[in-house]
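# Inside the fold
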Amino acid sequence: GAVNTLIILRHAKAEAFSSSDHERVLTGRGHRDAEQAGEWAREAGLAPDHAVVSSAARTRGTWSSFSAGAGLDLDPVIDRSLYGAGTDGALEIINAAPPTARTVLLIGHNPTMAYLVHLLDDGGADAEVFARVSEGFPTSALAVLDVPCGWSDLDFGGARITGFHVGRG
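Let me begin by describing the structure that accompanies this report.

Here is what the cut-offs are and how they apply
Residues numbered from 1 in each chain as written. Predicted model: local features only at pLDDT ≥ 70, side-chain atom pairs only at ≥ 80, totals over all residues. Heavy atoms only, no water. Core = buried A, V, L, I, M, F, W, Y, C linked by side-chain atoms within 4.5 Å. Buried < 20%, exposed > 50% of the residue type's maximum accessible area, 1.4 Å probe, protein only. Helix = DSSP H or I, 4+ residues; strand = E, 2+ residues; numbered from the N terminus. Phe/Tyr/Trp six-rings, centres within 6.5 Å; stacked < 30°, edge-to-face > 60°. Pairing = 2+ DSSP bridges. Axes fitted to C-alpha atoms, helices over the stretch in contact; angles between N-to-C directions. Expected span 1.5 Å × (residues − 1). Contact = heavy atoms within 4.5 Å.

### Some remarks on the nonpolar core
By size, the foremost hydrophobic cluster in this structure holds 32 residues, and its most contacted members are L6, I8, L106, L120, F137 and L154. Of all the secondary-structure elements, those providing two or more residues to this core are β1 (4-10), α4 (87-95), β4 (103-108), α5 (112-120), α6 (127-134), β5 (141-147) and β6 (160-166). For this core, the element with the highest residue contribution is α5, accounting for five residues. With 15 residues, the next largest nonpolar core counts A51, A70, L105 and I107 among its residues.

Written out as structure tokens, the structure reads:
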């Protein structure tokens, strides 16, 4: 059984253009999708007690709508390094989660989030769930992974994908 649970969420749908990529905000659909993803997480009993959110406008917007849908009362860590992080950097951020946290939520960007989910899986994921993850990791997609160790000990191949959902409001 899992000691901990990791939720990896790709930001919701954002506008195509802004003054910079970092400042792109969610569309109305993006807010609705993220809120629905939060509702799904709440119904699945997945309530993060630690959240790390990329500093980009679209990931912060995804957090606000997701947390509203999930009914969360939690101050996330806004992490600028997650904005440009590759999979190694993202894993370091997970490794730094408080040891007392039981469910950690990471909200970031593709392709890193999609790669991270695949790299963390130990190969034992349910075939149907793994097939759905492999078909793509669209906006508002979230993967749920069982983590059988402490956060600081997690390495690639050390978790198992147990759920996948795409928020669509």
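### As for the packing of aromatic side chains
Per the stated rule, a full pass over the model turns up one aromatic pair. When the centroid spacing of 5.7 Å and the interplanar angle of 40° are considered together, the rings of F137 and F164 count as tilted. Placement of the pair is F137 in the loop between α6 and β5 and F164 in strand β6, with a sequence separation of 27 residues. Considered together, F137 and F164 belong to a single accessibility category, that of buried residues.

### Digging into the sheet that holds β1
Read across the sheet, six strands follow the order β3-β2-β4-β1-β5-β6 without closing on themselves; strand pairing throughout is mixed. Strands at the two margins of the open sheet, each flanked by one partner only, are β3 (77-79) and β6. The average undirected angle you get between the axes of adjacent strands in this sheet is 20°. Examined bridge by bridge, strand β2 (residues 50-54) and β4 share four bridges and lie parallel to one another.

### Regarding helix α1 (residues 28-43)
Relative to the 22 Å expected for 16 residues at 1.5 Å per residue, α1 spans 23 Å between its end C-alpha atoms, a close match to the ideal helical length. In the core, the buried residues of α1 are packed alongside α2 (57-70), β5 and β6. Immediately beyond the C-terminal end of α1, within one or two residues, lies G45, with a positive phi of roughly 75°.

### Focus: the pairing of β4
Taken across its six residues, β4 has six buried, putting it largely inside the fold. The side-chain alternation of β4 yields two buried faces, one formed by T103, L105 and I107 and the other by V104, L106 and G108. The sheet contact formed by β1 and β4 spans six bridges and is parallel. Paired with L6 across the strands is V104, a residue of β4.

### Some remarks on unusual backbone geometry
Following N110, the chain continues to P111 via a peptide bond in cis, the omega torsion being 5°. Mapped onto the secondary structure, P111 falls in the loop between β4 and α5. The backbone of S140 sits at a positive phi, close to 65°, despite the residue not being glycine. Looking at where S140 falls in the secondary structure, it is placed in the loop between α6 and β5.

### Re the environment of G167
Summarising the element assignment, G167 is placed in the segment after β6. Looking at G167, the relative accessible area reads 0%, which means it is buried. Put simply, G167 and Q36 are 131 residues apart on the chain and 5.3 Å apart in space, counted from C-alpha to C-alpha. Discounting chain neighbours no more than four positions away, the residues touching G167 are D33, Q36, A37 and S140.

Remember that the coordinates give geometry; whether it matters functionally is a separate question.
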